[in-house]
Amino acid sequence: MAISNPTVLRALRCALRYVESRKNLAGCACGLVGVVLTLTGAAGVLWPLVVAGLYAAGALIAPPERPSAPEFPEPADQLDALRADLVTLRGYLAEVELPPAARGRLTELDALVAALLEPGWVSDPEHVRVLARAVRQDIPESVDAYLRTRWWTRVVPGGESPERHLERQLEALRTEAAAIAAALQDAEALRQQTHTRYLEERGH
């Protein structure tokens, strides 16, 4: 019955962790030296103190335990999930009715995002975050807000055009994605220029 007590279980887990810890292992190693000294007669009558002292010294000098660092998904793993979410988003967008101008902007945005999500391009965590936010939040929210507002506009005409708001939102998202594409283009251009200089200088 006592083993089921949470306090006893915690104490057992702590004891087990200490048995497996670096401090205990180092202390045991040093204590073993004390046992050897005792067997050879070098420790004399004070051998218990010698063994205990060496164990304590080993436990003190041993490096402290440190928890393992958390493992987070790599950008490539996040992009795999993001590509699947883009497919889901496309299925949703194919079913909604949008004005031609907004549909055209959405097509441009979709093509740009899909190109950026191709393997081997985006690796910067900030770029991944921006694309994930666009696919999973901004685009569906913009379209859903348009559909809801458009319904009310049909019932109660007047007010600012929801079509224009949707176009502006999609254009802002396209600008964000284009900035990522421009950054990648600049990085590739710099890489090419650096390689050109390296080859030219190597030839001299």
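In this report, the structure presented in the accompanying data block is examined. Quick caveat, the model's predicted, so the values are computed rather than measured.

Cut-offs used in this document
Residues numbered from 1 in each chain as written. Predicted model: local features only at pLDDT ≥ 70, side-chain atom pairs only at ≥ 80, totals over all residues. Heavy atoms only, no water. Salt bridge = Lys/Arg side-chain N within 4 Å of Asp/Glu carboxyl O. Helix = DSSP H or I, 4+ residues; strand = E, 2+ residues; numbered from the N terminus. Buried < 20%, exposed > 50% of the residue type's maximum accessible area, 1.4 Å probe, protein only. Expected span 1.5 Å × (residues − 1).

All chains considered together, the criterion is met by 12 salt bridges. When the shortest N-O distance is used, the salt bridge between E171 and R105 registers 2.7 Å. With a gap of 66 residues between them, E171 in helix 7 (residues 162-202) and R105 in helix 5 (residues 100-116) connect regions that are remote in the sequence. The exposure class of E171 is partly exposed, given its relative accessible area of 25%. Two residues, R148 and D144, come together in a salt bridge whose shortest N-O distance is 2.8 Å. Here R148 and its partner D144 are both found in helix 6 (residues 125-155), four residues apart, which amounts to about one turn of the helix. Several salt bridges converge on common partners, so that one network encompasses R105, E171 and R174.

A word on helix 7. Between its terminal C-alpha atoms helix 7 stretches 60 Å, which fits the 60 Å expected from 41 residues at 1.5 Å a residue. Within helix 7, burial applies to P162, E163, L166, E167, L170, L173, A177, I180 and L184.

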